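The lines below spell out each chain.
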Amino acid sequence: MKDKIKIIEVGPRDGLQNEKKILDIQARLELIKKLADAGMKRIEVGAFVSSVWVPQMAESIELTREVLKLQAAGQFSKEIRFSCLVPNVRGMEDALKSGISEVAIFGACSETFSKKNINCSIAESFIRFRQVMEMAQYHKIKVRGYLSTAFGCPFEGRVNETRVVRLVRAMVKLGVFEVSIGDTIGVATPKQVESLLKKLRRMVNLNKIAMHFHDTRGTSLANVYASYNLGIRAFDSSVGGLGGCPYAKGASGNLATEDLVYMLKGMGIFLNIDIEKLIQIKKWAEEKLERELPSRVGKAGLPEKSTY
Ligand code: HMG
Ligand code: MG
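A quick note: this is a predicted structure, and the numbers were derived from the prediction, not measured. (Residues numbered from 1 in each chain as written. Chains lettered and ligands numbered in written order. Predicted model: local features only at pLDDT ≥ 70, side-chain atom pairs only at ≥ 80, totals over all residues. Heavy atoms only, no water.)

## Details of empty space enclosed by the protein
Here is step 1: Going through the model one piece at a time under the given rule, you end up with one cavity of 30 Å³ or more.
Here is step 2: Taken as a whole, the largest cavity spans an internal volume of roughly 40 Å³.
Here is step 3: As for the largest cavity, its lining consists of Ile-8, Arg-42, Ile-43, Glu-44, Arg-81, Ser-83, Glu-102 and Arg-144.
Here is step 4: Where the lining of the largest cavity is concerned, the elements lending two or more residues are strand 2 (42-47) and strand 3 (81-85).
Here is step 5: In terms of residues, the lining of the largest cavity owes the most to one element, strand 2, which gives three residues.
Here is step 6: Split by residue class, the lining of the largest cavity holds two nonpolar, one polar and five charged. (1 Å grid on protein atoms, 1.4 Å probe; cavity = no way out; pocket = protein on both sides within 12 Å on 5 of 7 lines; lining within 4 Å. Points joined across faces, edges and corners; volume = space filled by probe spheres on them. Helix = DSSP H or I, 4+ residues; strand = E, 2+ residues; numbered from the N terminus. Nonpolar A, V, L, I, M, F, W, Y, C, P; charged D, E, K, R; others polar.)

And the structure:
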């Protein structure tokens, strides 16, 4: 079990976008610095979305510029890839202003969620994505894709697998380098994950897929394990278990990065990530946000005398 695993740290974006307490860009930058220091190699910095809709992500252009400036000055490793969310042409224009070289488009597998999240139908969202892709290709910017509510929608209930497979294929066809499949409200169980991935692998190479689990009902690590056994090697997580989605009631808690790293290391997978530092970041974030975060390893700490 020595395959290379990719962990995409979404705390500064997916994590903070749902917090009541809004952090200024200095605090967001501090969080990103701490994550880089802990060994995270892919970090989502922010989102070029409307600050009327998501005030927590305001000033993402300024934050991204600062991050890239520090990277150019050698304060962040050149290996680290930073990314931001982009919903439409206006968002892509902001991405270009920021100088970032990787962005993520984000759609949904259920109509009501699409409407509530990005104010358009799924079909309309793909028209916007195509426009964003054209701009990105012209400017040689890498694009990741997200598909939320792949297992369940807070408004429509269970989501049909065939529809999810069709949407993943459509996103891959757009030219994204990876599709992140999201269990936005944390309802999936390993059987469902296996069933979806077995259908999907007939149509799409699974090395193009990342899984994005929420721990709302305690199934996220079991879902990671099921995905891993079917060949998935990319997982999204957020330090401390920060996050959720402002348009999905009850979507509390992305899978915590320290819980994910602890399990993967325990499976014998090499990851150059410092769990102790992640635990310190969780404590720092709790102070900043004035609330307790849900990660298990963060609460319990590492076992004594451990070499993790
Ligand atoms: P809209 O209101 O439909 O946009 O919003 P519009 O085109 O009608 O324009 C209305 C106003 O918004 C205009 O300004 C535009 O310029 C402005 P005005 O003329 O009134 O002054 N506008 C923008 N401003 C900043 N950035 C933009 C932008 N676009 C238009 N990009 C929009 C459409 C998508 C912008 C809006 O619905 C929005 O910002 N939604 C928030 C989306 C979001 O961030 N959701 C959380 C993401 S989490 C998620 O999707 C799940 C995920 O985390 C995975 C998982 O957990 O499952 C990825
Ligand atoms: Mg999420």
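Next comes the rest of the write-up.
## What to know about the sheet that holds strand 3
Here is step 1: Around the barrel, eight strands lie side by side as 1-2-3-4-5-8-9-10; this closed barrel has parallel pairing. Strand-to-strand twist across the sheet, computed as the mean angle between neighbouring axes with direction ignored, equals 25°.
Here is step 2: When strand 8 (residues 178-183) meets strand 9 (residues 209-213), the two strands line up parallel, connected through five bridges. Bridging from a neighbouring strand, Asp-183 pairs with Phe-213 of strand 9. (Pairing = 2+ DSSP bridges. Axes fitted to C-alpha atoms, helices over the stretch in contact; angles between N-to-C directions.)

## Some thoughts on the side chain of Glu-178
Here is step 1: Position of Glu-178 among the secondary structure elements: in strand 8.
Here is step 2: Side-chain polar atoms of Glu-178 contact the side chain of Arg-144, separated by 2.7 Å. (Polar contact = N/O pair within 3.5 Å; in protein donor to acceptor, adjacent residues only side chain to side chain.)

## Quick word on the state of the cysteines
Working definition of a disulfide: a covalent bond connecting the sulfur atoms of two cysteines.
Here is step 1: The tally for this structure, following the rule as stated, stands at zero disulfides.
Here is step 2: The thiol sulfur of Cys-109 is not disulfide-bonded, and the nearest other cysteine sulfur, from Cys-153, lies at 9.7 Å.
Here is step 3: With no disulfide partner, Cys-120 has as its closest neighbouring cysteine sulfur the one in Cys-109, 14 Å distant. (Disulfide = S-S within 2.5 Å.)

## Some remarks on the environment of Leu-230
Here is step 1: You can see Leu-230 is positioned in the loop between helix 9 (220-229) and strand 10 (234-237).
Here is step 2: For the pair Leu-230 and Pro-303, spaced 73 residues apart in sequence, the C-alpha separation works out to 29 Å.
Here is step 3: The residues contacting Leu-230, other than those within four sequence positions of it, are Glu-194, Leu-197, Lys-198, Arg-201 and Leu-206. (Contact = heavy atoms within 4.5 Å.)

## Brief notes about the packing of aromatic side chains
Here is step 1: Going through the model one piece at a time under the given rule, you end up with three aromatic pairs.
Here is step 2: Across the ring face of Tyr-228, the terminal group of Arg-233 is positioned such that the distance to the ring centre comes to 3.7 Å. (Phe/Tyr/Trp six-rings, centres within 6.5 Å; stacked < 30°, edge-to-face > 60°. Lys NZ or Arg CZ within 6 Å of the ring centre and 35° of its normal.)

## Re the packing of helix 4 (residues 89-98) against helix 6 (residues 122-138)
Here is step 1: Two elements in contact, helix 4 and helix 6, have axes separated by 9 Å at closest approach and are oriented at 20°. With respect to helix 6, the axis of helix 4 lies roughly parallel. When you trace helix 4 past helix 6, the crossing you get is right-handed. The segment helix 4 lies against helix 6, with Val-89, Met-92, Glu-93 and Leu-96 engaging Gln-131, Val-132, Met-135 and Ala-136.
Here is step 2: When grouped by side-chain class, the residues that make up the contact of helix 4 with helix 6 number six nonpolar, one polar and one charged. (Parallel < 35°, antiparallel > 145°, perpendicular 65-115°, else oblique. Left-handed = near helix turned anticlockwise from the far one by under 90°.)

## Section: the packing of helix 7 (residues 161-174) against helix 8 (residues 190-200)
Here is step 1: Relative orientation of the contacting elements helix 7 and helix 8 amounts to 50°, with a least axis distance of 10 Å. Between helix 7 and helix 8, the angle is such that the two are oblique. In the packing of helix 7 onto helix 8, the handedness of the crossing is right-handed. Between helix 7 and helix 8, the contacting residues are Glu-161, Val-164, Val-165 and Val-168 on the first element and Gln-192, Ser-195, Leu-196, Lys-199 and Leu-200 on the second.
Here is step 2: For the contact of helix 7 with helix 8, the per-class residue count stands at five nonpolar, two polar and two charged.

## Observations regarding the site of ligand 1
Here is step 1: Taken together, 23 residues lie around ligand 1, and Ser-50, Asn-88, Asn-117, Asn-119 and Thr-184 are the ones closest in.
Here is step 2: Within the contact set of ligand 1, a nitrogen atom lies 2.9 Å away from a side-chain nitrogen or oxygen of Asn-88.
Here is step 3: Within the complex, the protein chains bury 72% of what would otherwise be the 1,100 Å² of accessible surface of ligand 1.
Here is step 4: Looking at the shell around ligand 1, the elements with two or more residues in it are helix 1 (11-15), helix 4, helix 5 (111-118) and strand 5 (142-148).
Here is step 5: A per-class count over the shell around ligand 1 returns 10 nonpolar, 10 polar and three charged. (Near = heavy atom within 4 Å. Areas by Shrake-Rupley, 256 points an atom, 1.4 Å probe, with all protein chains shown as cover.)

## Describing the nonpolar core
Here is step 1: Among the nonpolar cores identified, the biggest contains 106 residues, and Ile-181, Ile-209 and Met-211 are the most heavily contacted of them.
Here is step 2: Top contributing element to this core by residue count: helix 2 (residues 25-38), with eight residues.
Here is step 3: For Met-211, the residues in contact, after removing those within four places along its chain, are Phe-151, Ile-181, Val-193, Leu-197, Ser-227, Ile-232, Ala-234, Phe-235 and Asp-236. (Core = buried A, V, L, I, M, F, W, Y, C linked by side-chain atoms within 4.5 Å. Buried < 20%, exposed > 50% of the residue type's maximum accessible area, 1.4 Å probe, protein only.)

## Some thoughts on the pattern of salt bridges
Here is step 1: Applying the stated criterion across every chain, the model contains 17 salt bridges.
Here is step 2: Of the charged contacts in the structure, one is a salt bridge between Lys-97 and Asp-94, with a shortest N-O distance of 3.6 Å. Of the two residues, Lys-97 and Asp-94 both sit in helix 4, three residues apart, roughly one turn of that helix.
Here is step 3: Each member of the salt-bridge network shares a partner with another, and the members are Arg-42, Arg-81, Glu-102, Arg-144, Glu-178 and Asp-236. (Salt bridge = Lys/Arg side-chain N within 4 Å of Asp/Glu carboxyl O.)

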